[in-house]
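Each chain is listed here by its residues.
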Amino acid sequence: MTRASDTQGHTRGGTLSKEGLPGWLDPVVRAVETVRPGQLSRFLPPEDGAGRQSAVLILFGDGDGNGADEAGSGPELLLMERAGTLRSHAGQPAFPGGALDPEDGDPQGDGPLRAALREAEEETGLDPAGVQLFGVLPKLYIPVSGFVVTPVLAWWREPTPVGVVDPNETARVFTVPVADLTDPANRVTAVHPRGHRGPAFLVESALVWGFTAGIIDRLLHFAGWERPWDREKQVPLDWRS
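All values reported here derive from a predicted model rather than from experimental measurement. Along each chain, residues carry numbers from 1 onward, in the same order as the chain's sequence is written. Confidence filtering applies because this is a predicted model: local features only for residues at pLDDT of at least 70, side-chain atom pairs given and counted only at 80 or more, and all residues used for totals across whole chains, interfaces and linings. For side-chain calculations, the full set of non-hydrogen atoms in the structure is used, while hydrogens and water are omitted.

Asks: Explain the overall build of the protein to me, and be specific about the residues and the numbers.
Replies: For the protein, the helix and strand inventory stands at six helices and 12 strands. By the burial criterion, 48% of the 241 residues in the protein qualify as buried. The criterion used for residue contact is that any of the two residues' heavy atoms lie within 4.5 Å. Partitioning the intrachain contacts of the protein with sequence separation of at least 6 by distance along the chain shows that 67% fall at a separation of at least 24. Accessible areas in this description were obtained via Shrake-Rupley with a 1.4 Å probe; residue shielding takes into account the shown protein chains only. Carbon and sulfur atoms make up 50% of the accessible area of the protein, which totals about 11,400 Å². Segments assigned H or I by DSSP are reported as helices when at least four residues long, segments assigned E as strands when at least two residues long, and all are numbered from the N terminus. The cut-offs for exposure are 20% and 50% of the maximum accessible area for each residue type, with area from a 1.4 Å probe on protein chains only; residues under the lower value are buried, those over the upper are exposed, and the others partly exposed.

Okay, here's the thing in structure tokens:
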């Protein structure tokens, strides 16, 4: 097991470590090591290097009574709902994250690791010292906002209280049990007014769709956690989405 002091050094230094991870994360680790960019999304970073470098933190917790269900509901993911007043992706549930700052370092190196942790701390108040980074997915692209996103995966080794830090950026912070995400009853296809379709999840009084839902969908699939669900069950998105 990694000592607490080592864990803090790993996270703040932007270093990846698979040491001491719980066994239930093994399928996710294998998926991260083998998945190819085109298997995650058809939207990949522009070859000319355009786009604003950013990162998100995909944080898995044990879910052993840290949330509203004190009895625990199994592994969970940390999500946040973006403030409705933001210019980009307003009101959408999302992973904590944002654009890289110069102090985060090399976008092609460990800059995204530092950015994912920094943004998660700023948006949810979590303590990075309790977060162990263990993997990075290929960079993806969000055409509507021009972000080149590096998804950084982590285990919440030592959970700390989380909540809204800045109401101007975040409407709420919440966790979702993985069991709810894999439940076919909570899975739908989101239909955008322009005709775009994509996977979505009805969980925790929220509709998770778009980039975030796409990543969750692919992780569940390649980790072998996906259960058959009705892809004809549709939910229309608001025209402002």
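Now that the structure has been shown, the text picks up again.
Asks: Hey, could you go over the nonpolar core for me, with residue numbers and the actual values?
Replies: Ranked by size, the top nonpolar core spans 36 residues in total, and within it I58, F60, F134, L137 and L153 carry the most contacts. Counting residues per element, this core draws most heavily on helix α6 (residues 210-222), which supplies five residues. Filtering out sequence-adjacent residues up to four positions away, L137 remains in contact with V32, V35, L40, I58, T150, P151, L153, I215 and L219. To qualify as a nonpolar core, a set must consist of buried Ala, Val, Leu, Ile, Met, Phe, Trp, Tyr and Cys residues joined through side-chain atoms within 4.5 Å. Of all hydrophobic cores here, the second largest spans 18 residues; its members include L78, M80, A116 and L133.

Asks: Quick rundown of helix α2 (residues 26-34)? Include the residues and the values.
Replies: Taken together, the buried positions of α2 are P27, V28, V29, A31 and V32. On the buried face of α2, the contacting elements are β1 (52-61), β5 (131-136), β7 (147-156) and α6.

Asks: A description of the side chain of D104 should follow, citing residues and the corresponding values.
Replies: The residue D104 is located in the loop between β4 (97-99) and α4 (111-124) in this model. In the analysis that follows, any N or O atom pair within 3.5 Å is treated as a polar contact, provided that within protein one partner can donate a hydrogen and the other can accept it, and provided that, for residues neighboring in sequence, both atoms belong to side chains. At a separation of 2.8 Å, a polar atom in the side chain of D104 contacts the side chain of R118. Once residues lying within four places of it in the same chain are set aside, the contact partners of D104 are A99, D110, G111, R114, A115 and R118.

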